[in-house]
Amino acid sequence: MKKLSDSYLKIVEWSEEDQCYIGRCPGLMLGGVHGDDKAAVDRELCKIVEEWIEIHQEDDIPLPEVIN
C-alpha cells in the first residue's frame, strides 16, 4: 500500500554554497534537512515528512495540495 508521504515531492540536492546535501519537501514544510551523506539526508527527509503528515492529521489541519 502506498504511503501518503510518497505523494509529496522530496528533493535532495548538493549545495555548493553550504558544501552539503540539502533535502526539502516544497509545499509541505519550510526548511529542510542537511548533511554530508545523500542517502542519510533522504532517509531523514522521508522520516520528517511522515512526522509532518502525522502532526497535520492529529491536529486536524488540512494537508497542503500535493505538488507533482
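The structure this text deals with has already been given above.
Bear in mind the structure is a predicted one, so any value in this text is a computation, not a measurement.

A. Up close: the environment of Ser5. Note on placement: Ser5 falls in the segment before β1 (11-15). Using a relative accessible area of 5% as the deciding quantity, one classes Ser5 as buried. The spacing of Ser5 and Glu54 is 49 residues in sequence and 10.0 Å in space, taken between C-alpha atoms. With residues near it in sequence (within four places) discarded, Ser5 still touches Lys10, Val49, Glu50 and Ile53.

B. Seen up close, the packing of aromatic side chains. All told, the structure shown has one aromatic pair when counted by the stated rule. Ring plane angle 75° and centroid distance 5.0 Å describe the contact between Trp14 and Tyr21, whose orientation is recorded as edge-to-face. The exposure class assigned to Trp14 is partly exposed, which follows from its relative accessible area of 38%.

C. Spatial organisation of helix α1 (residues 38-58). With 21 residues, α1 ought to run about 30 Å at 1.5 Å a step, and its terminal C-alpha atoms sit 30 Å apart, in line with that. Within α1, burial applies to Val41, Leu45, Ile48, Val49, Ile53 and His56. When α1 is viewed along its axis, its buried side chains cluster within an angular range of 145° and face the same direction. In α1, the exposed residues that point more than 90 degrees away from the buried face are Arg43, Gln57 and Glu58. For α1, the secondary structure elements touched by its buried residues are β1, β2 (20-24) and β3 (33-35). For α1, the capping residue at the N-terminal end is Asp37, with a side-chain oxygen 3.2 Å from the backbone nitrogen of Ala39. Immediately downstream of α1, the backbone of Asp60 shows phi near 55°, a positive value.

Cut-offs used in this document
Residues numbered from 1 in each chain as written. Predicted model: local features only at pLDDT ≥ 70, side-chain atom pairs only at ≥ 80, totals over all residues. Heavy atoms only, no water. Helix = DSSP H or I, 4+ residues; strand = E, 2+ residues; numbered from the N terminus. Buried < 20%, exposed > 50% of the residue type's maximum accessible area, 1.4 Å probe, protein only. Contact = heavy atoms within 4.5 Å. Phe/Tyr/Trp six-rings, centres within 6.5 Å; stacked < 30°, edge-to-face > 60°. Expected span 1.5 Å × (residues − 1). Arc of directions from axis to C-beta. Polar contact = N/O pair within 3.5 Å; in protein donor to acceptor, adjacent residues only side chain to side chain.

Everything listed here is a matter of coordinates, which is why it stays silent on function.
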